[in-house]
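Commentary on secondary and tertiary structure
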Amino acid sequence: MQIETETQTTPALAIEGLTYAYPGAASPALDDVSLRLDPGELVVLAGRSACGKSTLLRAACGLVPHFHGGEVEGRVEVAGIDALATGPGELAAAVGYLAQDPETQVVSTTVAAEIELPLEMRGDSPSSRARAVEEVALALAIPHLLSRAVDTLSGGELQRVALAAALVTRPRLVLLDEPTSQLDPVAGDELIWLLRRLNEEWGVTIFLAEHRLERCLAAADRVVAMGSGAIAFDGAPRDFLAWAQQADIALETPAARLFSFLDIAPLPVGVRDARQTLVGKGEGGTLRTACTFSEFTSGRQQPPQHRKKLSEGGAPLPSHDALTCRDLWVELDAGEGLRDVLKGMELVLNRGERVALMGRNGAGKSTLLKSMAGLIEPVRGKIELANGIALLTQNPSDYLVRERVGDELPGEEGMAALRVVGLEHAVEADPRDLSGGERQRLALAIALAGRMEGDALPGVVALDEPTRGMDRARKGELVELIEGLSSRGAAVLVATHDVEFAAAFAERVVLLGEGVVIADGPAAEVLSGGWYFATEVARVLDLPGVVTPEQGAAALSQSADFAFSGAISPKKTNSPEEGGG
Amino acid sequence: MRSPFAYVPRSGPLQAAGPAAAVAYLGSLTAVAFLYSNPVVLLAAGVALTLAGRLAGAWSAVRAALWMGLTLALLIVAVNVVVVSRGETVLVRLGHLPVLSDVITAEAAAAGAVIGLRAAVAMIAFAVYSACVDPDRVLRALRPLAHRSALTATLVSRLVPVAAADSARLRDAARLRGPGAAPVGRAPLSRRLLAGSLDRAVDVAATLELRGYSLDRGRVRQRGGRSRYDGRFYAAGAVVLLAAIAGKLTGADAFAEYPAIEIGAGPATLALAVLLILSGLAPRTRPTRSASSSPSIRTRT
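It should be emphasised that the depicted structure is a prediction, and the values quoted were computed from it without experimental measurement. Along each chain, numbering runs from 1 in the same order as the chain's sequence is written. To read the labels, note that chains go from A and ligands from 1, taken in the order they are written. The predicted nature of this model means local features are confined to residues of pLDDT at least 70 and side-chain atom pairs, given and counted, to a pLDDT of 80 or more, with totals for whole chains, interfaces and linings taken over all residues.

Examining the overall build of chain A
Secondary structure follows DSSP: runs of H or I at least 4 residues long count as helices, runs of E at least 2 residues long count as strands, and numbering of each begins at the N terminus. When helices and strands are counted, chain A shows 22 helices and 19 strands. Every one of the 581 residues in chain A was classed for burial, and the buried ones make up 53%. When contacts within chain A are restricted to residue pairs at least 6 apart in sequence, those whose partners lie at least 24 apart make up 69%. Counting other C-beta atoms within 10 Å of its own, a residue is labelled buried from 20 upward, exposed at 12 or fewer, and partly exposed in the gap between, with every C-beta atom placed from the backbone. Contact definition: two residues whose C-beta atoms, as placed from backbone geometry, lie within 7 Å.

Examining the overall build of chain B
Counting its regular elements, chain B contains 10 helices and four strands. Along its sequence from the N terminus, chain B presents helices and strands in the succession α-α-α-α-β-β-α-α-α-α-α-β-β-α. Within the span of chain B, comprising 301 residues, buried residues form 40% of the whole. Pairs at least 24 residues apart make up 75% of the contacts formed inside chain B by residues separated by at least 6 positions.

A few points about the environment of A:Phe505
Residue and element names in this part refer to chain A. Tracing the chain through its elements places Phe 505 in helix 19 (residues 499-505). In the structure, Phe 505 is positioned 120 residues away from Leu 385 in sequence and 23 Å away in space, judged by C-alpha atoms. The residues touching Phe 505, leaving out its near neighbours within four places in the chain, are Arg 354, Val 479, Ile 482 and Val 494.

Some words on the environment of B:Leu193
All names here are of chain B. For Leu 193, the position within the fold is in helix 8 (residues 186-210). Overall, the presence of 17 C-beta atoms within 10 Å leaves Leu 193 in the partly exposed class. When the C-alpha positions of Leu 193 and Ser 167 are compared, they lie 6.5 Å apart, and in sequence the two are 26 residues distant.

So, the sheet that holds strand 13 (residues 354-358) of chain A
Residue and element names in this part refer to chain A. Should DSSP find at least two bridges between two strands, the strands are taken to pair. Within the open sheet, the six strands sit side by side as 15-16-17-13-18-19. Their pairing is mixed. Both edges of this open sheet fall to strand 15 (389-392) and strand 19 (516-522), since each of them pairs with a single strand only. Looking at each pair of strands side by side, their axes are set apart by 15 degrees on average, direction ignored. On top of the sheet, helix 14 (residues 365-372) reaches strand 13, strand 15, strand 16 (460-464), strand 17 (491-495) and strand 18 (508-513); it is set at about 145 degrees to strand 16, its chief contact. Note on definitions: angles span 0 to 180 degrees between N-to-C directions of axes, and those axes are lines fitted to C-alpha atoms, for helices only across the stretch in contact. Lying on the sheet, helix 18 (residues 472-487) is in contact with strand 13, strand 16 and strand 17; it crosses strand 17 at an angle near 145 degrees.

As for the interface of chain A and chain B
With 54 residues of chain A at the contact, the number on the chain B side is 48 residues. In terms of residue count, the dominant contributor to the side of chain A that touches chain B is helix 5 (residues 111-122) of chain A (six residues). The classification used treats Ala, Val, Leu, Ile, Met, Phe, Trp, Tyr, Cys and Pro as nonpolar, Asp, Glu, Lys and Arg as charged, and all other residues, Gly among them, as polar. In terms of residue class, the side of chain A that touches chain B is made up of 27 nonpolar, 15 polar and 12 charged.

Considerations on the sheet that holds strand 10 (residues 230-235) of chain A
Strand pairing in a sheet relies on backbone hydrogen bonds. The paired strands run either parallel or antiparallel. All names here are of chain A. Pairing is mixed across the open sheet formed by six strands, whose spatial order is 6-7-8-3-9-10. Each edge of the open sheet is held by one strand with a lone partner, namely strand 6 (95-98) and strand 10. Averaged over all neighbouring strand pairs, the angle between strand axes comes to 15 degrees, with direction disregarded.

Here we look at the confidence of the model for chain A
Residue and element names in this part refer to chain A. With 87% of its residues at a pLDDT of 70 or more, chain A has an overall mean of 84. The predictor attaches a confidence to each residue, and that confidence, scored 0 to 100, is pLDDT. Low confidence marks residues 283-317, where pLDDT is under 50. Its contacts with residues over four positions away, or in another chain, come to 61 contacts. Confidence drops under pLDDT 50 across residues 565-581; counting only partners more than four residues distant or on other chains, this segment forms 35 contacts.

Here's the deal with the packing of helix 11 (residues 254-261) of chain A against helix 22 (residues 549-558) of chain A
Residues and elements named next belong to chain A. Running from N to C, helix 11 and helix 22 point in directions that differ by 40 degrees, and their axes come no closer than 9 Å. If you check the angle between helix 11 and helix 22, you find them oblique. Our pair here, helix 11 against helix 22, has a crossing hand that is right-handed. Contacts between helix 11 and helix 22 involve Pro 254, Arg 257, Leu 258 and Phe 261 on the former and, on the latter, Pro 549, Gly 552 and Ala 553. Should an angle fall under 35 degrees it is called roughly parallel, over 145 degrees roughly antiparallel, and 65 to 115 degrees roughly perpendicular, with every other angle called oblique. Working rule for handedness: look at the near helix, and if it is turned counterclockwise from the far one by less than a right angle, call the crossing left-handed; if clockwise, right-handed.

Considering the environment of B:Gly69
All names here are of chain B. Looking at the element boundaries, Gly 69 is found in helix 4 (residues 59-83). A tally of 23 C-beta atoms within 10 Å means that Gly 69 is categorised as buried. Every residue in contact with Gly 69, bar those within four places of it in the chain, is listed here: Ala 119, Ala 120, Met 123 and Ile 124.

Observations regarding unusual backbone geometry
All names here are of chain A. Following Val 64, the chain continues to Pro 65 via a peptide bond in cis, the omega torsion being 5 degrees. Counting through the fold element by element, Pro 65 comes out in helix 3 (residues 63-66). For the bond running from Ala 265 to Pro 266, omega is -5 degrees, close enough to zero to count as cis. Assignment of secondary structure puts Pro 266 in the loop between helix 11 and helix 12 (271-281). Within the chain, Ala 79 stands out as a residue other than glycine whose phi angle is a positive 50 degrees. Residue placement: Ala 79 occurs in the loop between strand 4 (71-78) and strand 5 (81-82).

Comments concerning the nonpolar core
Residues enter a nonpolar core if they are buried, belong to Ala, Val, Leu, Ile, Met, Phe, Trp, Tyr or Cys, and are joined to the set through C-beta atoms within 7 Å. Grouped together as the largest cluster of nonpolar side chains are 200 residues, with contacts concentrated most on A:Ala60, A:Val161, A:Phe207, A:Ala445, A:Val460, A:Ala502 and A:Leu527. Counting residues per element, this core draws most heavily on helix 7 (residues 155-167) of chain A, at eight residues. Excluding residues within four positions of it along the chain, A:Val460 makes contact with A:Ala322, A:Leu323, A:Leu349, A:Met372, A:Leu385, A:Ile389, A:Ala490, A:Ala491 and A:Leu493. Counting residues in each nonpolar core, the second largest holds 66 residues, with B:Val77, B:Ile104, B:Ala110 and B:Val240 among its members.

Focus on the pairing of strand 17 of chain A
All names here are of chain A. Most of strand 17 sits out of view: five of its five residues are buried. What you see with strand 17 is no split at all: Ala 491, Leu 493 and Ala 495 on one side and Val 492 and Val 494 on the other are buried throughout. Sheet topology places strand 13 next to strand 17; four bridges connect them, and they run parallel. From the neighbouring strand, Arg 354 faces strand 17, where its bridge partner is Val 492. Across five bridges, the pairing between strand 16 and strand 17 is parallel.

So, helix 10 (residues 237-247) of chain A
Listed as buried for helix 10 of chain A are A:Pro237, A:Phe240, A:Leu241 and A:Ala244. Buried residues in helix 10 of chain A, looked at end-on, bunch into an arc of 100 degrees, giving them a common side. What the arc measures is the spread of directions leading from the helix axis to the C-beta atoms.

Let's talk about helix 16 (residues 411-420) of chain A
Residue and element names in this part refer to chain A. Buried within helix 16 are the following residues: Gly 414, Ala 417, Leu 418 and Val 420. Buried residues in helix 16, looked at end-on, bunch into an arc of 155 degrees, giving them a common side. As for helix 16, its buried residues are in contact with helix 17 (436-448).

Structural notes on the confidence of the model for chain B
Residue and element names in this part refer to chain B. With 90% of its residues at a pLDDT of 70 or more, chain B shows a mean pLDDT of 86. The least confident element of chain B, judged by mean pLDDT, is helix 7 (residues 147-176) at 80; the most confident is helix 3 (residues 39-55) at 96. Here residues 291-301 is modelled with pLDDT under 50, and outside its nearest four sequence neighbours on either side it reaches two contacts, counting other chains as well. Interface confidence for the predicted complex, given as ipTM, is 0.78, next to a pTM of 0.77.

Topic: the packing of helix 2 (residues 19-35) of chain B against helix 5 (residues 106-132) of chain B
Geometrically, a packed helix pair is captured by the angle between its two axes and the distance between the axes. All names here are of chain B. Closest axis-to-axis distance for the helix 2/helix 5 pair is 9 Å, and the angle between their directions is 170 degrees. In terms of their interaxial angle, helix 2 and helix 5 are classed as roughly antiparallel. For the pair helix 2 and helix 5, the contacting residues are Ala 22, Leu 26, Leu 29, Thr 30, Ala 33 and Phe 34 in the first and Arg 118, Val 121, Ala 122, Ala 125, Val 128, Tyr 129 and Cys 132 in the second.

So, the pairing of strand 1 (residues 13-21) of chain A
For a regular strand, side-chain orientation follows a simple rule: the groups alternate between the two sheet faces. All names here are of chain A. Judged from the seven bridges that link them, strand 1 and strand 4 form a sheet pairing that is antiparallel. If you follow Ile 15 over to strand 4, its bridge partner there is Val 76. In the sheet, strand 1 pairs with strand 2 (residues 30-37) via five bridges, with the strands oriented antiparallel. For Tyr 20, the partnering residue across the bridge sits in strand 2 and is Leu 30.

Shown next, in the form of structure tokens:
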């Protein structure tokens, strides 16, 4: 006998013919979207930047149109409640929403009060509130944070607290808009598996918008891809990868790309899937035996970090120090008394070097960059800069205070800086009308302006978390910009949590932990030697020095005992030397 | 960098007490400062609040308030001595000056010091309140009484630290601009901060909406959240107020600035001062009795 309750049959989210335009917008942000999410599904929402993912999530929680206004047509139902007729307040019991920026998602002073607020608004009794807060805190592993003030939390901690506040009412549907964009690889992976656990154990329907698909595809039941405000694909993760291979290569995961190069089918939805397929293809033994690092590097494909650095004209660049940090100690007070954030840091950067600065949240990456730029005074130690530093902090919009690009960067020095970042055509534009990537380049030009002798850049150009919210195509543009700056002689230092991006641009990786350097070496070595700070390809192949799909394909094609069915198509190969992101 | 006056969750009697109890206690000492002019009593109220802040773990807030309060007190003294010419004890003769006094008297300085001391006491009380009383509990208590005001207060209480963080970031970005970029003056920076604050306010309002703030059920007055320390602070506040009223009736506030300074330091004044200082011990945590001293669990050897 089949017992089926009403909650099991009512879809968690049902959207029919939804078309929506923001107030004053020329074109709709959502165009005839129809979608159904069944209870207990974990669905990933994919798509390029500004394709309508966030708007769709906002429509599902009632903020669109009730909070933003605009014109709307169609039908949206959340757990049987008409979301277009009911406001977000009434939907709060059925749907939880977590936006990109956790800082504006907390409204209370302490963590406990923040998590308790939705229950209080619902009129729950103090005893049931206390139990619910305790349980959700345990589920998210944050009981130790309950008594903390929210303004003393790190970005990752704040994201968990905001998620707890979204989950505490035990909603049937949870909407998440790029929740891992501010998290380090460890916290990002933990969050995805936590969502999977909530989905499996509580039956919560999860609708997750994410750019780093390699992180979440293995946990997904289904993928919905959007393009220009419409649903472009809706199906199983494996089918999505096959679709992306043809329709939008920027949505491919690194492991799927590796398989594409080798013409292996089916495309893998995760590391385990990929390994199983590849082991099946090998002639016995494990993948580890496919080739050794020395075999690999002695072959015709050299990893990029071992290439001789060349200037634009082809002549080798002089290698000398652009920056030296000696015994650097920095002390900061984040609300819980002074603590050492950097503990005797030692670091040397050479001119023209591309370096990724990695480490978990709170390891000291941003503090190091700010100390280099003179925003924070070290308590001990020395920083020597050969030719100054230009630093782009995490929010490029902070640099943009005027209504015209030319007013931000006047004169010949301003134009020279715009030329370096390729924005000389946008002098008359309003910075707010530029795309996210262009705004970032403009902010970089503002930091560089007047620091160049002719077209020669400062000794160090530093970028702090520049890929937050970026799709792969925009990351590719950023890689090109970084390579351009590096070829002009600047040491480019980028603090990032994005291991795939680091593998694409960096020749060296410096890994921080608790204010000290815990690993410093060639990118291919550092990014292939760990569990978390390793690319997807490195985790699939587990070959030393192999971190990108291109390197992986080359390594496997050299392997004598690996029986792959195809060959690397020259058309598909997009080597890192060519700026492949 | 956090403000020294920002609330820090700690485990202490004053932090655990309900907002009404904490306000009753701190408010009674502040009321004494406004009821009395006798410097001995004012100093005692200041010492009591400093002691209370110290025992509650809010020393950095008290220190900042002392610094600001004493600076303000000195400013008030400086202004009072140059604009008031009353008093018999002439310290300096300035000669004829338009608007300003032609003499500086000890009495004018004393009168200014009393006003300054009163302001300093109020500032210390505010600092202890701000650092020890959970704003979320205050807003929760206010919500059933004035829903819209509580909403506004919630938005403001969240947006102030967010705006402070935004402002710090914008200032950092302004310092990081290359010398070839247009310098950022105060006007563009303020405009940008204001525009950013409006965006932030919209985001925070959206979050409040998603948390169900607009639901009527949030307005229901709910019991709970009482602390075992509430009685202590209500009692301390009541004792302070009753003693202050009694002292007022028995001449404990004896003080005259003009024509010559007369500070009453009789038994009533001294008794009130001692009681006020003792009231500063209210936030003290009782030492935990060790298990070995308890006769009921003593073990035989």
